[in-house]
Amino acid sequence: MKSALSPTSTSIDLSFKVSGMTCASCVARVEKALNAVPGVEHASLNLATEKAHVTSKEGVTVDALFSAVRKAGYEAALAQDGAPAEIAGAMPSWWRVAASALLSLPLILAMLAMPFGKDWALPGWAQLALATPVQFWLGGRFYKAGWKALRAGAGNMDLLVALGTSAAYGLSLVLLWTQRSHAGMQHLYFESSAVIITLVLLGKWLEERARYQTVAAIRALESLRPATAIVRRDGVDSEVPIAMVRRGDTFIVRPGGRVPVDGVILEGSSDLDQSLLTGESLPVAKTVGDLLTAGAVNADGVLVAQATAVGGATMLSQIIKMVEDAQAVKPPIQRLVDRVSAVFVPVVLAIAALTFAGWGLANGDWQQALLNAVAVMVIACPCALGLATPTSIMVGTGVAARYGILIKDAEALETAHAVTLVAFDKTGTLTQGKPAVVAIVAASRPEIELLQLARAVQQYSDHPLARAVEAAASQRGIDLLAGANAKALAGRGVQADVEGMTVFLGNARLMQELGVATTTLDQLAAQHENAGRTVSWLAVKGDSGVEPGGLLVFGDTVKPTAQAAVSRLDQMGIKSLMLTGDNAGAARFVAEAVGIADVRASLLPLDKARIVAELKQAGQKVCFVGDGINDAVALAAADLGVAMSTGSAVAMHTAAITLMRGDPQLVAEAIDVSKKTYQKIRQNLGWAFAYNIVGIPLAAFGYLDPLIAGAAMALSSVSVVSNALLLRRWKPAATIQK
């Protein structure tokens, strides 16, 4: 980031916190206010992290920016550059929604019974007692947000809720006060205001909950960054805070330690688990001259390295920034209701005023004029609008969850209907994600003995290949032999004494060092490696020297439902693509097995995100499916991110949809249920707007009194809820079992 103190800079980048925002329209107002400051070139806000990013010319002061934010009705404070992303507030509490629902329940029963001629209304004083805390205590946030919108010269859903519910509540107060002069109990509209506030509060809670979970992805990535590093200066090794490591410093990575910054190895060799970059389950051998990436875990050797990138320049920091930036992108459909409300609110107010003036001037009956004007306000009250989205989301996400599909937020529902291409990660997504013994090639000893010796030599190891050998031996019922003097050979393999022999298990480099003749097996080993498999050589040192025992071949196995998953997408008219960090041979093998023609291999996380961006620019609506930390950037960059619950927490936090069983067949089902839910949202919003288009003119011309307007509003709500409940009939394909 360029500093405002830099005399040679032509532009300044500044980040700061903005508090008090509640919805996308708040973001739009703050962005508009900041962009209006003279000298500001571009301003953007991330609602999830409550951070503003401003690029401006020299001379623009922080005070000017903060003043613009305050005039828009919000607060601003400086944020430390490079500090970890913070969640905007605590996990949203559900108690407001629950309290509002409990208070509104007796009123809801009466409202739902009205269209059927049943009068279950409570006494007026009881309705007032129940509705008042909902209106002014639990619904107070809508008055505050609506007032901010008015000050900014705009309208939003909060203002619409505040005006509509106030009209219904205010009319009810008037009728309750005057009903003593009438023979019978007049209908009151407290239920309208209470139900609207309850449902809109529910929608706000769902939005805030999704926002909290989204930011958790950034925090999970931050946890991969170690707090300290061992730095060697003047021949002395000392542990220092990570912020004190400088480019060019020499640092030490001990066995089991996490690489603190990006660097290049100066001394030593080891196996490193760098799955956050490659997504592959097997550790990678590293030696002098190889690159290290911050966050990777060292297995068994001591490494001395030189720092090549620190702080925000490391690969991990770039991944974190890209995830944060990708999550800040706002889909246009999400602003639909606010955009319509911005026009709808002043139009309704104007119609109500014209109704009042028109009737009063026409016949002099100002009381009737007021009732007609209030009828316009009541029937325009956004009850159906408030119900349209949350009810569809609740039913759709509920039925999806029954079949192992966890939909995080409404944004996924707004996106999935247009998906044209699904990009799959390979390891852990289309495959099991862990190595297994897929072949044993005997040289001088039987296959069973080879597996038995391999199990004995690494029985104390936690290496993924050791676990694969253990699983294969256990499956075949092979007895465990005792091993002694076990030793890890950094970057090459392991050795141990077994029944009077020294057994070696490792890579071809180890065989060369031991002088083992491998000519007879070299060609077969190369064939397996070209197919993307890992080959371990076993050799035995006895009285006659070291002789080759044979090969153990390890490979990832394709999930049994992967081919059916790709086929189902093809039937839906959705293309499939594979993006993997694994080598081309392994990628082709899996792609052919599942039926994917387009394969991109040997990719880093930023490569995956770049390809996703290119596909989007080419007009594709991209869904990315992954399970690892290395997939976080692509998951965030895609139009729709889908994660496997069997993978990393980072992937699940970043993705909009999580498949709880890790079954790739659920990808098509997630898209299908999202499409159905989004269709219901559109149908409900269409019904709500159509209802207003028909109802408002009828009320304005005196054909609907407030009582009928309230009944019509209740009927519209019942219709919206009933339409959403039809989603409960959704079921996945017959091959997917609950």
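Residues numbered from 1 in each chain as written. Predicted model: local features only at pLDDT ≥ 70, side-chain atom pairs only at ≥ 80, totals over all residues. Heavy atoms only, no water.

- As recorded in an unreviewed UniProt entry, the protein goes by P-type Cu(2+) transporter and comes from Massilia psychrophila.
- On record in UniProt, under Sequence similarities (unreviewed entry), the comment for the protein is "Belongs to the cation transport ATPase (P-type) (TC 3.A.3) family. Type IB subfamily."
- Recorded in UniProt for the protein, the comment headed Catalytic activity (unreviewed entry) runs: "Cu(2+)(in) + ATP + H2O = Cu(2+)(out) + ADP + phosphate + H(+)". (UniProt positions renumbered as here; feature names shortened; annotations may be inferred.)

**A closer look at the overall build of the protein**
Here is step 1: Helix and strand content of the protein: 24 helices and 26 strands.
Here is step 2: A burial count over the protein gives 51% of its 738 residues as buried.
Here is step 3: In the protein, the proportion of contacts linking residues at least 24 apart, taken out of those at least 6 apart, comes to 69%.
Here is step 4: For the protein, the accessible area works out to roughly 32000 Å², and carbon and sulfur atoms hold 58% of it. (Helix = DSSP H or I, 4+ residues; strand = E, 2+ residues; numbered from the N terminus. Buried < 20%, exposed > 50% of the residue type's maximum accessible area, 1.4 Å probe, protein only. Contact = heavy atoms within 4.5 Å. Areas by Shrake-Rupley, 256 points an atom, 1.4 Å probe, with all protein chains shown as cover.)

**Re the pattern of salt bridges**
Here is step 1: Tallied over the entire structure, the rule returns 15 salt bridges.
Here is step 2: Linking Arg568 and Glu669 is a salt bridge whose minimum nitrogen-to-oxygen distance equals 2.3 Å. Within this pair, whereas Arg568 is found in helix 18 (residues 562-571), its partner Glu669 is found in helix 23 (residues 665-700), the two being separated by 101 residues in sequence.
Here is step 3: As a salt-bridge pair, Arg610 and Asp607 come within 3.7 Å of each other at their nearest N and O atoms. You can see Arg610 and its partner Asp607 sitting in helix 20 (residues 605-617), three residues apart, about one turn around the helix.
Here is step 4: A single salt-bridge network, built from bridges that share partners, covers Asp425, Lys608 and Asp631. (Salt bridge = Lys/Arg side-chain N within 4 Å of Asp/Glu carboxyl O.)

**A closer look at the packing of aromatic side chains**
Here is step 1: Counted according to the given criterion, the structure contains six aromatic pairs.
Here is step 2: For the ring pair Trp95 and Trp137, a centre distance of 5.6 Å and an interplane angle of 40° mean the geometry is tilted. Of this pair, Trp95 sits in helix 3 (residues 95-113) while Trp137 sits in helix 4 (residues 124-138), and the two are 42 residues apart along the sequence.
Here is step 3: Residue Trp137 is classed as partly exposed on the basis of its relative accessible area of 47%.
Here is step 4: Seen from their ring centres, Tyr169 and Phe190 are 5.4 Å apart, and the 70° between their planes marks the pair as edge-to-face. Of this pair, Tyr169 sits in helix 6 (residues 157-178) while Phe190 is found in helix 7 (residues 190-222), placing the two residues 21 residues apart along the sequence.
Here is step 5: On the basis of relative accessibility, which here comes to 0%, the residue Phe190 falls in the buried class.
Here is step 6: Counting every residue linked through ring pairs, the aromatic cluster contains Phe136, Tyr143, Tyr169 and Phe190.
Here is step 7: The ring of Phe142 is capped by Arg141, whose NZ or CZ atom sits 5.9 Å from the centre of that ring.
Here is step 8: Lying across the ring of Phe589, Arg533 places its NZ or CZ 5.1 Å from the centre. (Phe/Tyr/Trp six-rings, centres within 6.5 Å; stacked < 30°, edge-to-face > 60°. Lys NZ or Arg CZ within 6 Å of the ring centre and 35° of its normal.)

**Describing the sheet that holds strand 17 (residues 484-489)**
Here is step 1: Reading across the sheet, the six strands line up as 16-21-20-19-18-17 and stay open at both edges, with antiparallel pairing between neighbours. Two strands lie at the open edges of the sheet, namely strand 16 (431-442) and strand 17, each paired on one side alone. The average angle at which neighbouring strand axes cross in this sheet is 20°, direction not considered.
Here is step 2: In the sheet, strand 19 (residues 501-506) pairs with strand 20 (residues 534-542) via five bridges, with the strands oriented antiparallel. Within strand 20, the residue paired with Val503 across the bridge is Val540.
Here is step 3: Here helix 14 (residues 447-457) sits on the sheet in contact with strand 16, strand 18 (493-498), strand 19, strand 20 and strand 21 (545-558), set at roughly 125° to strand 16. (Pairing = 2+ DSSP bridges. Axes fitted to C-alpha atoms, helices over the stretch in contact; angles between N-to-C directions.)

**Quick notes on the UniProt feature "transmembrane region" (unreviewed entry) in the protein**
Here is step 1: Within this structure's numbering, the places UniProt gives as "transmembrane region" (unreviewed entry) are residues 94-114, 120-138, 159-177, 189-206, 340-362, 368-388, 684-701 and 707-727.
Here is step 2: Taken end to end, residues 120-138 comprises 79% helix and 0% strand; its first and last C-alpha atoms sit 25 Å apart.
Here is step 3: Between the C-alpha atoms that bound residues 684-701 there is a distance of 26 Å. The span itself is 94% helix and 0% strand.

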